[in-house]
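# Survey of secondary and tertiary structure
Now for the letters of each chain:
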Amino acid sequence: EHPEKLIDISIAILFAITMLSVRNSMSMRAANFKSIFSMKSMSSDAIEIALTRAFETHQIPFEFPSKAVTNKEELLNYFKIMYTMRRMEITCDTEYKARAIRGFCHLYDGQEAVAMGTEAAFDEKDSWITSYRCHCIALIRGGTCESVFAELFGFKEGMSKGKGGSMHLYSKKHNFFGGQGIVGAQVPFGAGLAFANKYNTKPGDPMPVSIAMYGDGAANQGQIWESANMASLWKLPMIFCIENNQYGMGTSKERSSSNNLYYTMGNHIPGFRMDGMNVLMVREGMRKAKEWCSSGNGPIYIEVDTYRYHGHSMSDPGTTYRNRDEIASMRTARDPIEFVKNLLVQNDLVSSQELKGIEKDIRKEVQDALKKAKAGEPLSVEHIGTDIFTEGVSYIRMPDRTKSFGSIM
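Residues numbered from 1 in each chain as written. Predicted model: local features only at pLDDT ≥ 70, side-chain atom pairs only at ≥ 80, totals over all residues. Heavy atoms only, no water.

### Some words on the overall build of the protein
The line we're drawing: Under the scheme used here, helices are H or I runs from DSSP no shorter than 4 residues and strands are E runs no shorter than 2 residues, and both carry numbers assigned from the N terminus. Throughout this description, buried means an accessible area under 20% of the type-specific maximum (1.4 Å probe, protein chains only), exposed means over 50%, and partly exposed covers the range between. We call two residues in contact whenever any of their non-hydrogen atoms come within 4.5 Å of each other.
A count of helical and extended segments in the protein gives twelve helices and twelve strands. A total of 409 residues make up the protein; the buried ones form 53% of that total. Residue pairs at least 24 apart in sequence account for 75% of intrachain contacts in the protein once pairs closer than 6 positions are excluded.

What follows is the structure, encoded as C-alpha cells:
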C-alpha cells in the first residue's frame with residue numbers, strides 16, 4: 001500500500017549489509033577493557049547473588065534465572081569500567097559548561113549497568129547500534145576516554161576523526177555502528193545488521209546477534225514497527241532494546257505512550273522487562289536473549305528499567321519536569337555503581353578503602369585522558385569531504401534504476 005516505506009527500510013538494510021560485508025577481521029577491545037572477556041569461566045571462589053526482582057515476561061517460552069553467579073575479579077572489572085564511564089560523563093559535563101564541547105551532548109550517567117551488562121553477555125561478533133546517548137557504549141566497544149573526548153572536541157584523533165561529534169561515535173572494527181542523531185533511526189539499521197549476520201552465517205550455526213537500543217520516547221516510531229515486522233517475518237537475530245529512563249526528553253512515559261509496557265510492544269514477538277540498574281540482571285537477561293535469537297528463533301523485545309541523572313541533553317537542566325528529590329532518591333536507592341560496590345564490600349571481597357583507592361586512580365586516568373585529548377588537532381580542510389562514499393564500489397543501485405551509478409559489470 002505504501003511501497004516507499006518498504007524502500008526506505010530496504011535501503012537501510014542494504015546499507016547495513018554492505019558495511020558488514022566489507023568489515024575487517026574482528027580484534028579485541030581497547031587494552032584497558034580486555035579483562036572483561038576473560039570472565040567466561042568462573043573461578044573456584046564464585047558466589048551466587050539473588051537478583052533484585054523477577055523478570056516480567058510476555059510470550060516468553062523459556063525460564064529466567066533468579067540468581068547470578070559471579071566472583072571478585074568479575075565484579076571488580078564491572079566496577080572499574082562503570083566508574084570510568086561515570087567519570088567520563090561527568091568530565092563531559094564540565095567541559096561542555098566550559099564551552100570546550102559544542103553542539104548536542106547527551107550523557108549516560110545513571111544507565112551504566114545497561115551497557116556493562118549487555119557487553120558482558122555479548123562477544124565481539126555481535127553487532128551494536130544505539131541512539132545519540134552513545135558515549136559509554138562507544139567506550140566499551142573499542143573506544144578510550146581520550147578518543148571519546150577528542151571526538152567531542154572535533155579533533156582528528158577522535159573515534160570518528162572529529163566528523164561525528166557526541167552523537168556519532170563509531171567503530172566498525174569492533175562492530176559498533178554508532179549513535180544516531182535522529183530519534184529511532186538506528187532501529188532499521190539494526191535490523192539490517194541482523195539480516196547481514198544471518199546471511200553470513202552457515203545454516204544451522206549460531207548467529208551473531210544485532211542489538212538496537214532506543215529510548216522510551218522513540219518506542220512508538222513507525223519505522224520501529226516496520227523493522228519488527230520484517231525481523232519477525234525473516235526470523236532475524238535481532239534484539240529490540242528499549243532503554244526506559246522514564247522520560248522522552250521532558251515527557252513522562254505515562255503522557256507519551258498509551259502502552260508503556262514496552263516489552264509487550266512486539267505483539268506476538270517475545271519480550272521481557274528487567275532491572276536496568278542491576279548489572280548482573282542485565283547480563284543474565286541479555287544472555288538469554290542472545291541464546292534465543294542466535295538459535296534462529298527470531299527477534300525479541302527487551303525493556304530495561306533505568307534512569308538518567310542528567311537532563312535529556314546538556315541544554316536541559318532536567319528539573320522542570322521532575323524534582324531534585326526524585327533524582328536524589330534514585331541515586332540513593334538504585335545507583336548501579338553503588339550496587340556493585342555494595343556487593344564487593346558486603347561479600348568481603350574488597351574493602352571500602354580499597355575501592356576509594358581505585359576510584360582515585362580512575363579519576364586520574366580520566367583527567368590524563370582529557371589532557372591528552374586537548375592536545376589534539378582539528379581535521380584538516382582537505383579531509384572534510386572524505387568518508388562519504390565507499391571507495392571501490394563500481395555500482396550503486398538507486399530506487400529509480402535509471403538513476404543508478406556506475407556499471408554492474
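### A look at helix α12 (residues 352-374)
To keep it simple, the criterion reads: A helix is expected to reach a length of 1.5 Å times the quantity of its residues less one.
Taking 1.5 Å as the rise per residue, α12 with 23 residues should run 33 Å; its terminal C-alpha atoms sit 33 Å apart, in good agreement. Along α12, the residues classified as buried are L355, I358, E359, I362, V366, A369, L370 and A373. On its buried face, α12 is in contact with α2 (72-97), α5 (145-153) and α11 (336-346).

### A few points about the sheet that holds strand β2 (residues 56-58)
The condition is simple: When DSSP finds at least two bridges between two strands, those strands are taken to pair. Inter-axis angles, ranging from 0 to 180 degrees, are taken between N-to-C directions of lines fitted to C-alpha atoms, where helices are fitted over the stretch in contact.
Here six strands make up an open sheet; going across it, the order is β2-β9-β10-β6-β5-β4 and the pairing mixed. In this open sheet, the two strands that pair with only one neighbour each are β2 and β4 (127-129). Strand after strand, the sheet turns through a mean of 20° between neighbouring axes, direction not considered. The pairing of strand β9 (residues 271-275) with strand β10 (residues 300-305) spans five bridges and is parallel. Residue pairing across strands places D275 opposite D305, the latter belonging to β10. Running over the sheet, helix α9 (residues 279-297) touches β5 (210-215), β6 (238-244), β9 and β10 and is turned about 160° from β9.

### A look at a nonpolar patch on the surface
Just so we agree on the cut-off: In this scheme, patches are assembled from residues that exceed 30% relative accessible area and form no salt bridge. Like charges are connected within 9 Å, while nonpolar side chains (Val, Leu, Ile, Met, Phe, Trp, Tyr) are connected within 5 Å. For accessible areas, the Shrake-Rupley method is used with a probe of radius 1.4 Å. Any residue's cover is judged against the shown protein chains and nothing else. The term salt bridge refers to a side-chain nitrogen of Lys or Arg lying within 4 Å of a carboxyl oxygen of Asp or Glu.
Residues I388, F389, I396 and F405 make up a contiguous nonpolar surface patch of roughly 460 Å² in combined accessible area. The topology assignment puts F389 in the loop between α12 and β11 (395-396).

### Focus on the pattern of salt bridges
Counted under the stated rule, the structure contains 22 salt bridges. Between R86 and E112 there is a salt bridge whose closest N-O contact spans 2.5 Å. Separated by 26 residues along the polypeptide, R86 in helix α2 and E112 in helix α3 (residues 112-121) bring together distant segments of the chain. For the residue pair R86 and E112, the accessibility class agrees, reading buried in each case. Ionic pairing is found between E284 and R287, a salt bridge with its closest N-O pair at 3.1 Å. In this pair, E284 and R287 are both assigned in helix α9, three residues apart and thus about one turn of the helix distant.

### Re the side chain of Q180
You can see Q180 is positioned in the loop between α5 and α6 (186-199). The residues contacting Q180, other than those within four sequence positions of it, are I129, T130, S131, Y132, M167, H168, A185, Q186 and F189.

### Here's the deal with the nonpolar core
The condition is simple: Think of a nonpolar core as a cluster: buried Ala, Val, Leu, Ile, Met, Phe, Trp, Tyr and Cys residues, connected wherever their side-chain atoms sit within 4.5 Å.
If you look at the biggest cluster of nonpolar residues, it comprises 79 residues, and the most contacted ones within it are F149, I239, M286 and I300. No other element matches α2, which puts ten residues into this core. Every residue in contact with M286, bar those within four places of it in the chain, is listed here: T118, A121, F122, I211, M213, C241, M274 and I302.

### Side note on the confidence of the model for the protein
We count it as follows: A score from 0 to 100, pLDDT tells how confident the predictor is in each residue.
Chain-level statistics for the protein give a pLDDT mean of 89 and a share of 89% at 70 or above. Per-residue pLDDT stays below 50 along residues 21-42; that stretch engages in 48 contacts with residues further than four places along the chain or on separate chains.

### Some details on the packing of α2 against α5
Just so we agree on the cut-off: An angle below 35 degrees is read as roughly parallel, one above 145 as roughly antiparallel, one from 65 to 115 as roughly perpendicular, and any other as oblique. The handedness criterion is simple: a crossing whose near helix is rotated anticlockwise from the far helix by less than a right angle is left-handed, and one whose near helix is rotated clockwise is right-handed.
For the pair α2 and α5, the least separation of the axes is 11 Å and the interaxial angle reads 25°. In terms of orientation, α2 lies roughly parallel with respect to α5. Considering how the two elements wind past one another, α2 and α5 form a crossing that is right-handed. For the pair α2 and α5, contact is made by T84, M88, T91, C92 and E95 and by C145, V148, F149, L152 and F153, respectively.

### Looking at the pairing of β9
Rule in force here: The handedness of a crossover follows from its direction of travel: if, with the strands pointing away from the viewer, the path from the first strand over the helix to the second runs clockwise, the crossover is right-handed.
Buried residues dominate β9, accounting for five of its five residues. Side chains of β9 alternate between two faces, with G271, R273 and D275 and F272 and M274 buried alike. Considered for its hand, the β-α-β crossover made up of β9, α9 and β10 is right-handed.

### Points about unusual backbone geometry
For K161, which is not glycine, the phi torsion reads 60° and is therefore positive. Counting through the fold element by element, K161 comes out in the loop between α5 and α6.

### Observations regarding α2
Condition: The term polar contact refers here to a pair of N or O atoms within 3.5 Å; inside protein, the definition further demands a hydrogen-donor-capable atom paired with an acceptor-capable atom, and it admits residues adjacent in sequence only when both atoms are side-chain atoms.
In this model α2 runs 37 Å from its N-terminal to its C-terminal C-alpha over 26 residues, within 8% of the 38 Å that 1.5 Å per residue would give. Capping the start of α2 is the job of one residue whose side-chain oxygen sits 3.3 Å from the backbone nitrogen of E73: N71. After α2 finishes, the residue R99 shows a positive phi value of roughly 65°.

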